[in-house]
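# Coordinate analysis (summary)
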Amino acid sequence: MTTAYAPGSVTTVFVPQSDPEEGSLGVSFAVEDGVHATVKPTDETVIRLDGTVTSFEPVAGVLDSIGVTADVSLEADIPVGCGFGASGAATLATALAAADVFDLELSREDVLTAAHRAEVAAGTGLGDVFVQEQGGLVWNTGDGRDRTERDDRIEYTSTGGIATQDVLRDEGAITKVADAGTEALSTFHPGDSLQAWFNASWAFAKRTELPTQSVEQTVERVLDNDGAATMAMVGETVLATGVEGVLDESTRITNDGAHVR
Ligand SMILES: Nc1ncnc2c1ncn2[C@@H]1O[C@H](COP(=O)(O)OP(=O)(O)O)[C@@H](O)[C@H]1O
Ligand SMILES: CC(C)(COP(=O)(O)O)[C@@H](O)C(=O)O
């Protein structure tokens, strides 16, 4: 058996593209907490999340696409379904571990492409795995993907999940995301402070109408404490910078990409 790890990632702003092959436009960063996948060859695929058997469409899909069946044990340090890209991290870590344990002739690029296609096919992600593969702050504002290393501390509170599949299938929501996202991305400068970018991201998030009341109230609490905050796309999660001890949890941007352990 082989265990691989992929960091979670947070998307602040995104703009879906009509051809999903290269991923969406947007600004995301990888976080220290992620998903560990232990893969053992078996006759029939079984997927467990933190010890409980579960269906996990992109994980099952990536195994299918590379032509193997396996017992997959996922351990998540991040909440699943809350905008930390747990689906992408689980899929990428599973693909990396499977390529290793089955001794497949797959390059890292092949593994990444398989994980991305499985995420797109399941409707659970549009580009998270490209961020998780490399780590750091990763953006694509229309001129291709670019990356910088950062180690900002982030506070967050998750109050619930939002199924990414439901949002991506909602044409009205996606039109608002694309309009507001395109405008926000035109103001992105990689050297700017995270505080400035979170403020721009929150203006984007409000225009998408995705923030719930609980997200709005939590963002207000951060602003009242002189920090900046925004919503993780797509989950009922608030991310904050420039505050200490205001939200429940903390993590950091990580510059380490996914790897076999
Ligand atoms: N216990 C669970 N809670 C939430 N999602 C789960 C669970 N077990 C498996 N899943 C799967 O995890 C995936 C979550 O994907 P998504 O909504 O994109 O979340 P995230 O923002 O964490 O990537 C879905 O494919 C869902 O079926
Ligand atoms: C915004 C999103 C589609 C969301 O995904 P998740 O973190 O899985 O909720 C992301 O994958 C992206 O491509 O920018």
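Residues numbered from 1 in each chain as written. Chains lettered and ligands numbered in written order. Predicted model: local features only at pLDDT ≥ 70, side-chain atom pairs only at ≥ 80, totals over all residues. Heavy atoms only, no water.

## Notes on empty space enclosed by the protein
Defined as follows: Buried and open spaces are told apart on a 1 Å grid over the protein atoms alone, a cavity being a set of points where a 1.4 Å probe fits but cannot get out and a pocket being an open set with protein on both sides within 12 Å along at least five of seven lines. Residues with an atom within 4 Å of a point are the lining residues. Grid points are joined across faces, edges and corners, and a volume is the space filled by probe spheres set on the points.
Taken as a whole and judged by the stated rule, the model has 1 cavity of 30 Å³ or more. Its volume calculated, the largest cavity comes out at about 50 Å³. Val27, Leu137, Arg150, Phe188, His189, Pro190, Asp192, Ser193, Leu194 and Trp197 are the residues that line the largest cavity.

## As for the UniProt feature "domain: GHMP kinase N-terminal" (unreviewed entry) in the protein
Heads up, the condition is: UniProt positions are given in the numbering used here, feature names are shortened, and annotations may be inferred rather than shown by experiment. Starting at the N terminus, helices and strands are each numbered in turn, a helix being any DSSP run of H or I of at least four residues and a strand any DSSP run of E of at least two.
The feature "domain: GHMP kinase N-terminal" (unreviewed entry), as given by UniProt, occupies residues 66–136 in the numbering adopted here. As a span, residues 66–136 carries 55% helix and 10% strand, and end to end its C-alpha atoms are 28 Å apart.

## So, the site of ligand 2
Quick note on the threshold: A cutoff of 4 Å decides nearness: a residue is near a molecule or strand if any of its heavy atoms lies inside that distance of it. Nitrogen and oxygen atoms within 3.5 Å of one another constitute a polar contact, given that in protein one can donate a hydrogen and the other can accept it, and given that sequence-neighbouring residues count only through two side-chain atoms. Computed by Shrake-Rupley with a 1.4 Å probe, the accessible areas treat only the displayed protein chains as cover when residues are assessed. For this analysis, a molecule is said to be in a pocket or cavity if more than half of its atoms are within 2 Å of the grid points defining it. The nonpolar class holds Ala, Val, Leu, Ile, Met, Phe, Trp, Tyr, Cys and Pro. Asp, Glu, Lys and Arg form the charged class, and all remaining residues, Gly among them, are polar.
Neighbouring ligand 2 are 14 residues, the closest being Thr124, Leu126, Gly127, Asp128 and Thr164. Between glycine 127 and ligand 2, the recorded distance is 3.0 Å, taken from a backbone N or O atom to an oxygen atom. Within the contact set of ligand 2, an oxygen atom lies 2.9 Å away from a side-chain nitrogen or oxygen of aspartate 128. Within the complex, the protein chains bury 96% of what would otherwise be the 380 Å² of accessible surface of ligand 2. Cavity membership is defined here by more than half of the atoms lying within 2 Å of grid points; on that basis ligand 2 lies in the largest pocket. In terms of residue class, the shell around ligand 2 is built from 4 nonpolar, 9 polar and 1 charged.

## Things to note about the site of ligand 1
Around ligand 1 lies a shell of 17 residues, among which Thr54, Gly81, Gly83, Ser87 and Thr164 are the nearest. Between an oxygen atom of ligand 1 and a main-chain N or O atom of glycine 81, the distance comes to 2.7 Å. At 2.9 Å, a side-chain N or O of threonine 164 approaches an oxygen atom of ligand 1. Across the complex, the protein chains shield 74% of the 580 Å² of accessible surface that ligand 1 would expose by itself. Here ligand 1 is seated within the largest pocket. Grouping the constituent residues of the shell around ligand 1 by class yields 9 nonpolar, 8 polar and no charged.

## As for the sheet that holds strand β9 (residues 228–231)
Convention followed: Any two strands between which DSSP finds at least two bridges are classified as paired. Note on definitions: angles span 0 to 180 degrees between N-to-C directions of axes, and those axes are lines fitted to C-alpha atoms, for helices only across the stretch in contact.
Sheet architecture is open: 4 strands sit in the order β9-β10-β8-β11, paired in antiparallel fashion. The sheet is open, and its two edges are formed by β9 and β11 (249–252), each paired on a single side. Direction aside, neighbouring strands of the sheet carry axes that sit 30° apart on average. Both strand β8 (residues 153–160) and strand β10 (residues 236–241) contribute to a ladder of 5 bridges, which runs antiparallel.

## Some remarks on the layout of surface pockets
Approximately 620 Å³ is the volume attributed to the largest pocket. Elements with a minimum of two residues in the lining of the largest pocket: β1 (2–15), β2 (25–41), α1 (57–66), α2 (86–101), α4 (128–134), β6 (137–140) and α5 (164–168). Per-class residue counts for the lining of the largest pocket are 21 nonpolar, 18 polar and 4 charged.

## Notes on the pattern of salt bridges
Note the following rule: Salt bridge, as applied in this entry: a Lys or Arg side-chain nitrogen positioned within 4 Å of an Asp or Glu carboxyl oxygen.
Evaluated as defined, the whole model comprises 8 salt bridges. Linking glutamate 21 and arginine 117 is a salt bridge whose minimum nitrogen-to-oxygen distance equals 2.6 Å. One end of the pair, glutamate 21, is in the loop between β1 and β2; the other, arginine 117, is in helix α3 (residues 108–122), and 96 residues separate them in sequence. With its nearest N and O atoms 3.1 Å apart, the salt bridge here joins arginine 48 to aspartate 71. Within this pair, whereas arginine 48 is found in strand β3 (residues 46–49), its partner aspartate 71 is found in strand β5 (residues 70–76), the two being separated by 23 residues in sequence.

## A word on the packing of α1 against α3
Packed helix pairs are specified by the crossing angle of their axes together with the interaxial distance, meaning the distance between the axes. Threshold: Orientation labels follow simple angle bins: below 35 degrees gives roughly parallel, above 145 gives roughly antiparallel, 65 to 115 gives roughly perpendicular, and whatever is left gives oblique. By convention the crossing between two helices is left-handed if the near helix lies anticlockwise of the far one by an angle smaller than a right angle, and right-handed if it lies clockwise. Should any heavy atoms of two residues lie within 4.5 Å, those residues are considered in contact.
Close contact between α1 and α3 brings their axes to 8 Å; oriented N to C, the two are set at 130°. Classified by the angle between their axes, α1 and α3 sit oblique to one another. Viewed along their axes, α1 and α3 form a crossing whose handedness is right-handed. On α3, the residues touching Glu57, Pro58, Gly61, Val62, Ser65 and Ile66 of α1 are Ala114, Ala115, Ala118, Glu119, Ala121 and Ala122. For the contact of α1 with α3, the class distribution of residues is 8 nonpolar, 2 polar and 2 charged.

## Thoughts on the pairing of β2
As a reminder of what qualifies: Only protein chains enter the area calculation, which uses a 1.4 Å probe; residues under 20% of their type maximum are buried, those over 50% are exposed, and those in between are partly exposed.
With 13 of 17 residues buried, β2 lies mostly within the body of the structure. Examined bridge by bridge, β1 and β2 share 13 bridges and lie antiparallel to one another. Each bridged residue has a counterpart across the sheet, and for valine 13 the counterpart in β2 is valine 27. As defined by bridge partners, β2 adjoins β6 across 4 bridges and the pair is classed as antiparallel. In the sheet register, serine 28 faces β6, and the bridge partner there is valine 138.

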